[in-house]
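Reading the structure
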Amino acid sequence: MGAQPPPHGNPAEQAPTATPTPPTLSQDQFLSWKRQKDAAESARKAEASRKRAEDIAAGTVQMNGRELFLHEPWVFDNSRY
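If you check an unreviewed UniProt entry, the chain appears there as ZC3H15/TMA46 family C-terminal domain-containing protein from Arachis hypogaea.

Shown next as structure tokens:
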């Protein structure tokens with residue numbers, strides 16, 4: 001009832017089902033793209049780190065243990081007890 005009949009004609013005449021291959025890149029093009037990608041990621045991480053440091057200094061964000069140790073090491077001094 002709901003079955004469709006098989007397509008008519010030569011299978012070579014039908015639209016290709018495989019995706020087209022992407023254009024090839026030379027090694028120089030790839031390395032240039034990779035450098036740009038790494039630079040963008042590095043800049044993004046540096047900006048996030050800078051913003052986190054500003055937020056910690058302003059007291060709007062809680063510090064994790066490592067950040068607390070770096071900013072207030074006296075908290076971990078056991079000789080005071």
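**Focus: the overall build of the chain**
A count of helices and strands for the chain gives 2 helices and 0 strands. The buried share among the 81 residues of the chain stands at 2%. Surface summary for the chain: the accessible area is close to 7,900 Å², and the carbon and sulfur share equals 58%.

**Digging into the packing of aromatic side chains**
Scanning the entire structure with this criterion turns up 2 aromatic pairs. Aromatic side chains Phe30 and Trp33 sit 5.7 Å apart centroid to centroid with 40° between the ring planes, which places their arrangement in the tilted category. Here Phe30 and its partner Trp33 are both found in helix α1 (residues 27-58), 3 residues apart, which amounts to about one turn of the helix.

**Brief notes about a nonpolar patch on the surface**
A contiguous nonpolar patch, built from Phe69, Leu70, Trp74, Val75 and Phe76 and spanning about 540 Å² of accessible area, is present on the exposed surface. Counting through the fold element by element, Phe76 comes out in the segment after α2 (65-71).

**As for the side chain of Glu67**
Mapped onto the secondary structure, Glu67 falls in helix α2. Non-local contacts of Glu67, meaning those with residues more than four positions away in its chain, are made with Arg52, Ile56 and Gln62.

**Observations regarding the pattern of salt bridges**
Counted according to the given criterion, the structure contains 6 salt bridges. One salt bridge in this structure joins Lys51 and Asp55, with 3.0 Å as the shortest N-O distance. Of this pair, Lys51 and Asp55 are both found in helix α1, 4 residues apart, which corresponds to roughly one turn of the helix. Overall, the relative accessible area of 44% leaves Lys51 in the partly exposed class. With its nearest N and O atoms 3.0 Å apart, the salt bridge here joins Glu67 to Arg52. On the criterion of sequence distance, the pair formed by Glu67 in helix α2 and Arg52 in helix α1 is long-range, its members being 15 residues apart.

Rules and cut-offs
- Residues numbered from 1 in each chain as written.
- Predicted model: local features only at pLDDT ≥ 70, side-chain atom pairs only at ≥ 80, totals over all residues.
- Heavy atoms only, no water.
- Helix = DSSP H or I, 4+ residues; strand = E, 2+ residues; numbered from the N terminus.
- Buried < 20%, exposed > 50% of the residue type's maximum accessible area, 1.4 Å probe, protein only.
- Areas by Shrake-Rupley, 256 points an atom, 1.4 Å probe, with all protein chains shown as cover.
- Phe/Tyr/Trp six-rings, centres within 6.5 Å; stacked < 30°, edge-to-face > 60°.
- Patch = residues over 30% accessible without salt bridge, like charges linked within 9 Å, V, L, I, M, F, W, Y side chains within 5 Å.
- Salt bridge = Lys/Arg side-chain N within 4 Å of Asp/Glu carboxyl O.
- Contact = heavy atoms within 4.5 Å.

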